[in-house]
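# Per-entry structural report
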Amino acid sequence: MLDHDVRSYELIERAFAGQPGGLTRDDVLDNVTHYWLTNTAISSARLYWESHLAFFDVKGVDIPVGVTVFPDELYPAPRSWAEKAYPKLVHYNKVDAGGHFAAWEQPAVFSEEMRAAFRSLR
């Protein structure tokens, strides 16, 4: 859950070094403890295992979708890909902070983006 790539390691290292921004040491330890105590680490990784060959293929999802590109994400989806993957794209935005675990790292930005994405559907 934390070993995606070198950038993820750097972000976690920053948290343990006490550097500001994103995650704290307690955030990382709380998350690891949550997976450990609930015995859910394997099931949380299932998506990656089952879709490793076609993860970035266009799926043609036909429901309203919002895409927010976080700068430290593993795959910062370009708008052209998002429009092909999601024909009913209602929101696309690039933000200044966050990564693969954006809801955890930048909860305020994440919730603002969720609201912006689906505001038109109210």
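Each value, and the rule that gives it
Residues numbered from 1 in each chain as written. Predicted model: local features only at pLDDT ≥ 70, side-chain atom pairs only at ≥ 80, totals over all residues. Heavy atoms only, no water. Helix = DSSP H or I, 4+ residues; strand = E, 2+ residues; numbered from the N terminus. Axes fitted to C-alpha atoms, helices over the stretch in contact; angles between N-to-C directions. Contact = heavy atoms within 4.5 Å. Nonpolar A, V, L, I, M, F, W, Y, C, P; charged D, E, K, R; others polar. Buried < 20%, exposed > 50% of the residue type's maximum accessible area, 1.4 Å probe, protein only. Arc of directions from axis to C-beta. 1 Å grid on protein atoms, 1.4 Å probe; cavity = no way out; pocket = protein on both sides within 12 Å on 5 of 7 lines; lining within 4 Å. Points joined across faces, edges and corners; volume = space filled by probe spheres on them.

Next up on the list: the environment of Asp27. Along the chain, Asp27 falls in helix H2 (residues 25-38). Distance in space between the C-alpha atoms of Asp27 and Ala77 is 26 Å, their sequence separation being 50 residues.

Glancing now at the packing of helix H1 (residues 6-16) against H2. To characterise two packed helices, one gives the angle between the axes of the helices and the distance between these axes. Axis separation between H1 and H2 bottoms out at 7 Å; the angle between their running directions is 115°. Packed against H1, whose contacting residues are Ile12, Ala15 and Phe16, the element H2 presents Arg25, Val28 and Leu29 at the interface. Partitioned by chemical class, the residues of the contact of H1 with H2 number 5 nonpolar, no polar and 1 charged.

Quick look at H1 now. Within the sequence span of H1, burial applies to Ser8, Leu11, Ile12 and Ala15. Viewed end-on, H1 has its buried residues packed into an arc of 95°, placing them on one side of the element. Turned more than 90 degrees away from the buried face of H1, the exposed residues are Val6 and Glu13. Packed against the buried residues of H1 are H2 and helix H5 (102-105). Gly18 sits one or two positions beyond H1 and adopts a positive phi of about 80°.

Next up on the list: empty space enclosed by the protein. One pass over the full model with this rule turns up 1 cavity of 30 Å³ or more. Of the pockets and cavities examined, the largest cavity occupies roughly 60 Å³. For the lining of the largest cavity, the secondary structure elements donating two or more residues are H1 and H5. Looking at the lining of the largest cavity, the element that brings in the most residues is H1, giving 3 residues. Split by residue class, the lining of the largest cavity holds 6 nonpolar, 3 polar and 2 charged.

Honestly, it's all geometry; don't read function into it.
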